[in-house]
Amino acid sequence: MTFFQFMNKFSTEEAVMDYFINIRYGETVVCPHCGKITKVYRRKDAPKLFICANCDNHFSIFKNTIFEKSSTDLRKWFYAVHLFLNSKKGISGLQLQREIGVTYKTAWRMLKQIRSAMGNTDMTKAFESMVEIDETYIGGKPRKMNGKTEPLKRGRGTKKTPVVGVKERSSSHVFARVALPNAEGKKLTGKQLFNILDSVCKKDATVLTDDFTGYNFMNHKNTNKNNYYRISVNHSESIYSLGNGLHTNGIESFWALLKRGILGIYHHVSVKYLQEYVNEFCFRQNNGSSSFDALLRQGVFAA
Ligand SMILES: [Zn+2]
C-alpha cells in the first residue's frame, strides 16, 4: 500500500477507530462494566469512548491495547504499523521520527509498543510434525558491570548471547527464545534445548538438528521425555546438500535475516532487549500478507 492509498483508506481518525473496533470487537461488544453483550454508542465529544446501552457506563475502545494513553494521532499510529511491517529488516526510531513527524521519544515509544504486540502470541505446543532446531550467537553491546563499561572484545572471548530457534516445516512458522539467564559465552545445555522444544512442540515430533552435542539428550530414553525423533544432519559430512530434504537451512536462513536486521537497522541490541527484536522477526516470519490485522489483534492484551 502506498502512502496515498493509505491516506485514502484512513483519511480521518474516525476511519482508523472504526477499523480498529471491527478488529477488536467484531459484531458483538461485551461491556466491561456489566459483562453483557450490549449495544453501544460512541460519544460524540469523545469518539474513543463507548457508552453501554445496558448500564450507561462508558469505556475506552483502546483500554489494554498498545494505543492506550497515547495522544498521538491514530493515523500516525496506523502508518507506523504499516511501515514497520513492510520493511523486511525493521525500522529505527530515527526513521520513524522522520517519516511520520513525531519526536524521537514518541517514535521510540511507538516502536516499543508495536514490538510488544508482536510478542503477544501464545505458541504453546503449536508445532506437531517436523521441525528444525538450531542455535545462533548474537553479540550485544558491551554491558555495564559494576558501573564500568566492559571493553568491546572482538572474536575470541566475545560474550555473545545464545538464541535458540525452532521452525516447523509445514507452516514455516518460527519460534525463537533468547537462552538466558547467565548463558552468555556458555554452550547451551541439553536441558535448555529440551525446555524450548517442550514449550513449542507436541510429543513425538521429528526434530532435525545439526551435530551439536547439546542435542544428544534426544538419543537417550531417560532424557528424551517427549519421545522426539531426532535426525542429525552432519554438516561436516555435507549430508545437508544431498537433496534429501534433511537439513536445517530453514532456520539458518531465519538467523541470516535476524542478524542482517540487527546489524543493518539497529546496529546493536543489548541483551535486555534482544528477545523483543527476536519476537519482531518471528512475527514477520509467521504472519504473511495478513500481518497488519494480526498486529492489531495482538495489540490487545488480556485485562
Ligand atoms: Zn454495561
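The structure this text deals with has already been given above.
Residues numbered from 1 in each chain as written. Predicted model: local features only at pLDDT ≥ 70, side-chain atom pairs only at ≥ 80, totals over all residues. Heavy atoms only, no water.

### Some thoughts on the coordination of the zinc ion
Consideration 1: Donor atoms from the polypeptide that coordinate the zinc ion comprise Cys31 (SG), Cys34 (SG), Cys52 (SG) and Cys55 (SG), at 2.3 to 2.4 Å from the metal.
Consideration 2: Angles of 106 to 116° at the metal separate the four donor atoms of the zinc ion, which places the site in the tetrahedral class.
Consideration 3: Positions of the donor residues of the zinc ion, expressed as sequence spacing, correspond to C-x2-C-x17-C-x2-C. Residue cysteine 31 is located in the loop between strand 1 (29-30) and strand 2 (37-38), and its partner cysteine 55 is located in the loop between strand 4 (49-52) and strand 5 (58-60); the two are separated by 24 residues in the primary sequence.
Consideration 4: The buried category is assigned to cysteine 31, whose relative accessible area is 1%.
Consideration 5: A relative accessible area of 26% means that cysteine 55 is categorised as partly exposed. (Donors = N, O, S within 2.8 Å, 3.2 Å for Na, K, Ca; no water. Tetrahedral: all angles 85-135°; square planar, octahedral: opposite > 155°, others 65-115°. Helix = DSSP H or I, 4+ residues; strand = E, 2+ residues; numbered from the N terminus. Buried < 20%, exposed > 50% of the residue type's maximum accessible area, 1.4 Å probe, protein only.)

### Considering helix 8 (residues 271-286)
Consideration 1: Taking 1.5 Å per residue as the helical rise, helix 8 with its 16 residues ought to reach 22 Å, and the 23 Å between its terminal C-alpha atoms agrees with that figure.
Consideration 2: Regarding helix 8, the residues found buried are Val271, Leu274, Tyr277, Val278, Asn279, Glu280, Phe281, Cys282, Phe283, Arg284 and Asn286. (Expected span 1.5 Å × (residues − 1).)

### Description of the sheet that holds strand 5
Consideration 1: Ordered in space as 3-4-5, the three strands form an open sheet in which the pairing is antiparallel. The open sheet terminates on both sides in strands that have one partner only, identified here as strand 3 (40-42) and strand 5. Strand-to-strand, the axes of this sheet are offset by a mean angle of 35°, without reference to chain direction.
Consideration 2: By the bridge criterion, three bridges tie strand 4 to strand 5 in an arrangement that is antiparallel. Note that in strand 5 the partner of isoleucine 51 across the bridge is histidine 58. (Pairing = 2+ DSSP bridges. Axes fitted to C-alpha atoms, helices over the stretch in contact; angles between N-to-C directions.)

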